[in-house]
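What follows is the residue order along each chain.
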Amino acid sequence: MMTVDIRLCRALQFAALPAALVLSLTIVPTQRCVAQTQAFAPTSAAALHDSGSDKTVRAGDDTNDAGGETASLDPGISPALAKQLAAMQAEIEELRAELKGRTSAAAAPPAPALAPTPAAPAAVPEPKTVEAASLSAANGAPQVRSGVPEKPKPTDPFAYADWTWLNGNPRNKDAVWDSKFFTPEIRMDINYIQDLNHPKDDTLGGSTEIFRSNEIQVEQISFGGNFHWQNVNARILTMNGMFGVTTPRNDASAGRGQWDLRGAYKYVSEANAGYHFDVNHGLNIDAGIFVSYIGLFSYYNFDNWAYQPSYVSSNTPWFFNGLRIQWFPTDKLKIEPWIINGWQSYGRLGSKPGLGGQILYRPKPWLSLVSNNYGMGEDTLGNGDGQFGRSRIHTDNSVEVKYYDHPEKFLDKMAFSLTGDLGCEYGAHGSFVSAQGRTINNNVNCHHNTATSSKQTFAGWMLYNRWWFKKDLYGITLGGGAMDNPGRYLTLLPPINGADAITGSPYFTQNPGDPYKAWDASLTFDWMPKQYITFRAEYGYRHANVPYWTGRGGITPGDNLNPSTIPNPSAGSVVGSTTFVPGPTLSATPGFTCVAGAAGFCPDLRKDEPSLRYAIMVKF
């Protein structure tokens, strides 16, 4: 009786075993399909043993034992039970064959652990191929591989490093909001300038960044951003605040021909559109108004290491109007030609357009090299309407080096920027009589003064060093520069009696050969609690070899009783009984001195300007 019970228990165990094997073999293929990168490995390494027999039933092997025979059963089992077990085993074999067919179609798996077979090494697929294959396997779809690796997509230009440390680059590391179609941009810049000359009309000159003293002024209000869809792009950034009226007054092209170019463009700093071609690492063709890179510093003070940059930057263009082509042959090099109307001009001043371009190379994360060049354009108003006008050439070159980078320390970064510029004007003929009664030889060249021509050149440099502290929470910048500009063709005209680039001023001449040399220095402290805001305090000192900066008496006649408008035909003109008598060469009017008389006016111009500058700047 006990023998029968034992045999019955064994029979029940054998009866349950195939059912468990069938269930496991049904579940396993589904799990293997999800993890496609792992080759199917049968459970043959874990043999199932009958507790009461020395015979073994193996699942997942082509043969059950060394002899290759079917596992023997206890002779005491009934024929019906033996038939049922044989049918189940046949079904198991059929399922195993089907499973092998599936795994071999997906990938050639290694042989079972107990029966290894040599296999050729498999090539490592590209990451994108593996990702696609895994997704296909997870979805249960058949996988078809071409065997050709997918060509890697070119990397974005300069994306291999963080360039927010550069002077002239915004320091935001994150975009507040972005979408597939539009990336917004908002900028605000509010300043307070304390001119230690204390001009009574609160009017400053000689700058494209600071304009009024002893007042809180909104320097910049800009809204806009980048639109991008299917390789089509457009950028619009408005310009309101002081920048909206101070930048256009330095453009004389609006004085040639009809229509109000200043009114059309003065509230826009950037407005361009174009197309992106998937050539190399990118090819962009854009037309419209875009910012200039000449002078290293950005048009926008938030991006810069100092608030008032030195002369090379402040006296060179902030924008161009024309066509720009950007080609990125590698992710470290940009070649950018320009076909533009002229030198920071909405229109053309002469018969020739301006040609120029930039070469930007950043071979290492700590090094940036840039060369900007300009030529051919005729950029002086009133010289034969361009037919016999002067042509201008200019080269601007900068290097920026981050020579210390230890974010784990209190002093975490140090970097410097060095910029050098050379330029000149040549051409034009004839002579004219100035407002002071002096005969001016209008023939100019790029070399030296002669009996028949006047030197018309520009040379300048600027050097800045920047320190960052406590994970870029604080920043200190020390720097300055110098310039030499005979002829004063790039020297910013002070707004004496509302003078602008169209009117000129008899109180500060810009005739061929007029002398002008200057230097400046500044010390800047920044507190940057967030990447979107900068609190800035700066001390600066500027000096010129001729009277140039606003003094205590101001540069506005009548103590602001007759405010000027721009453009204004009478702006910049001589007031009342003002006369000019012979005087020193190193003066605002070389060879002459202004005498006000009873009803006249002479501006109070000084050779030095110390000032304190405070600003809050925001960029989203």
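These figures come from a predicted structure and were not determined experimentally.

## What about the overall build of the protein?
- Tallying secondary structure elements over the protein gives six helices and 26 strands in all.
- Of all 620 residues assigned to the protein, the portion counted as buried reaches 44%.
- Counting contacts in the protein only where the partners sit at least 6 residues apart, residues at least 24 apart contribute 67% of the total.
- Split by element, the accessible area of the protein, about 30100 Å² in all, is 62% carbon and sulfur.

## Description of unusual backbone geometry
- Even without a glycine there, the phi angle at Met376 is positive, about 75°.
- By secondary structure assignment, the location of Met376 is in the loop between β11 (367-375) and β12 (390-405).
- Residue Asn497 is not a glycine yet carries a positive backbone phi of 55°.
- Given the relative accessible area of 13%, Asn497 is considered buried.

## Considerations on a nonpolar patch on the surface
- On the surface, Val232, Tyr275, Phe277, Val279, Ile285 and Trp327 cluster together to form a nonpolar patch covering roughly 460 Å² of accessible area.
- We classify Trp327 as partly exposed; its relative accessible area is 34%.

## Details of the pairing of strand β10 (residues 354-364)
- Relative to β10, strand β9 (residues 333-340) is paired through eight bridges, and the arrangement is antiparallel. Following the sheet pairing, Pro337 is matched in β10 by Gly357.
- Where β10 hands over to β11, the hairpin turn is made up of two residues, counted between the paired strands.

## Describing the packing of aromatic side chains
- One pass over the full model with this rule turns up 30 aromatic pairs.
- Ring centres of Phe319 and Tyr346 lie 4.9 Å apart, and the angle between their planes is 20°; this geometry places the pair in the stacked category. Here the residue Phe319 occupies a position in strand β8 (residues 319-330), and Tyr346 occupies one in the loop between β9 and β10, the gap between them amounting to 27 residues. Like Phe319, the residue Tyr346 is buried in the burial classification.
- Plain terms: the ring middles of Phe320 and Trp338 are 5.0 Å apart, the flat faces sit at 45° to each other, and that makes the pair tilted. Remark: Trp338 occurs in strand β9 and Phe320 occurs in strand β8; sequence separation between them is 18 residues. Across the pair, Trp338 and Phe320 agree in class, each one buried.
- Through successive ring pairs, a cluster of aromatic residues spans Phe211, Phe243, Tyr299, Tyr300 and Trp318.

## Focus on the state of the cysteines
- Scanning all chains against the criterion turns up two disulfides.
- Covalently, Cys424 is tied to Cys446 through a disulfide, its sulfur atoms 1.7 Å apart. Negative torsions about the S-S bond denote left-handed disulfides, and the value of about 65° found for Cys424 with Cys446 makes this one right-handed. Here Cys424 is found in strand β13 (residues 411-427), whereas its partner Cys446 is found in the loop between β16 (444-445) and β17 (454-455), with 22 residues between them in sequence.
- Overall, Cys424 belongs to the buried group, its relative accessible area being 5%.

## Topic: the nonpolar core
- Counting 30 residues, the largest nonpolar core has Ile496, Phe508, Tyr516 and Tyr548 as its most contacted members.
- Residues Met242, Tyr300, Met462 and Tyr464 belong to the second largest nonpolar core, which totals 26 residues.

## A word on the pattern of salt bridges
- One pass over the full model with this rule turns up 20 salt bridges.
- For the salt bridge of Asp500 with Arg262, the shortest nitrogen-to-oxygen distance reads 3.1 Å. Note that Asp500 is positioned in the loop between β19 (474-484) and β20 (517-530) and Arg262 in helix α5 (residues 261-265), a separation of 238 residues in sequence. Assigned by exposure class, Asp500 and Arg262 land together as buried.
- Where Lys402 meets Asp405, a salt bridge forms, and the shortest distance between an N and an O atom there is 3.1 Å.

## Thoughts on the confidence of the model for the protein
- Chain-level statistics for the protein give a pLDDT mean of 79 and a share of 75% at 70 or above.
- Across residues 1-73, where pLDDT falls below 50, the model places 80 contacts with residues more than four positions away in sequence or in other chains.
- Contacts for the low-pLDDT stretch residues 107-146, under 50 throughout, to residues beyond four places or in other chains number 35 contacts.

## Here's the deal with the side chain of Asn167
- Mapped onto the elements of the fold, Asn167 is located in the loop between α3 (127-138) and β3 (182-195).
- Residue class for Asn167 comes out buried when judged on its relative accessible area of 2%.
- There is a polar contact of 3.1 Å between the side chain of Asn167 and the backbone nitrogen of Trp305.
- Excluding residues that lie within four positions of it along the chain, Asn167 makes contacts with Leu296, Phe297, Asp303, Asn304, Trp305, Glu400 and Ser417.

## A word on the environment of Gly322
- Mapped onto the elements, Gly322 comes out in strand β8.
- Judged by its relative accessible area of 15%, Gly322 is buried.
- For the pair formed by Gly322 and Ile340, sequence separation is 18 residues and the distance between their alpha carbons is 4.0 Å.
- Once residues lying within four places of it in the same chain are set aside, the contact partners of Gly322 are Asp286, Ala287, Gly288, Phe290, Ile339 and Ile340.

## Concerning the side chain of Asn321
- Relative to the elements of secondary structure, Asn321 occurs in strand β8.
- Judged by its relative accessible area of 10%, Asn321 falls in the buried class.
- Here Tyr346 takes part through its backbone oxygen, which lies 3.3 Å from a polar atom of the side chain of Asn321.
- The contacts of Asn321, once residues within four sequence positions are left out, are Tyr265, Gly288, Ile289, Ile340, Asn341, Ser345 and Tyr346.

Basis of the calculations
- Residues numbered from 1 in each chain as written.
- Predicted model: local features only at pLDDT ≥ 70, side-chain atom pairs only at ≥ 80, totals over all residues.
- Heavy atoms only, no water.
- Helix = DSSP H or I, 4+ residues; strand = E, 2+ residues; numbered from the N terminus.
- Buried < 20%, exposed > 50% of the residue type's maximum accessible area, 1.4 Å probe, protein only.
- Contact = heavy atoms within 4.5 Å.
- Areas by Shrake-Rupley, 256 points an atom, 1.4 Å probe, with all protein chains shown as cover.
- Patch = residues over 30% accessible without salt bridge, like charges linked within 9 Å, V, L, I, M, F, W, Y side chains within 5 Å.
- Salt bridge = Lys/Arg side-chain N within 4 Å of Asp/Glu carboxyl O.
- Pairing = 2+ DSSP bridges.
- Phe/Tyr/Trp six-rings, centres within 6.5 Å; stacked < 30°, edge-to-face > 60°.
- Disulfide = S-S within 2.5 Å.
- Core = buried A, V, L, I, M, F, W, Y, C linked by side-chain atoms within 4.5 Å.
- pLDDT = per-residue confidence, 0-100.
- Polar contact = N/O pair within 3.5 Å; in protein donor to acceptor, adjacent residues only side chain to side chain.

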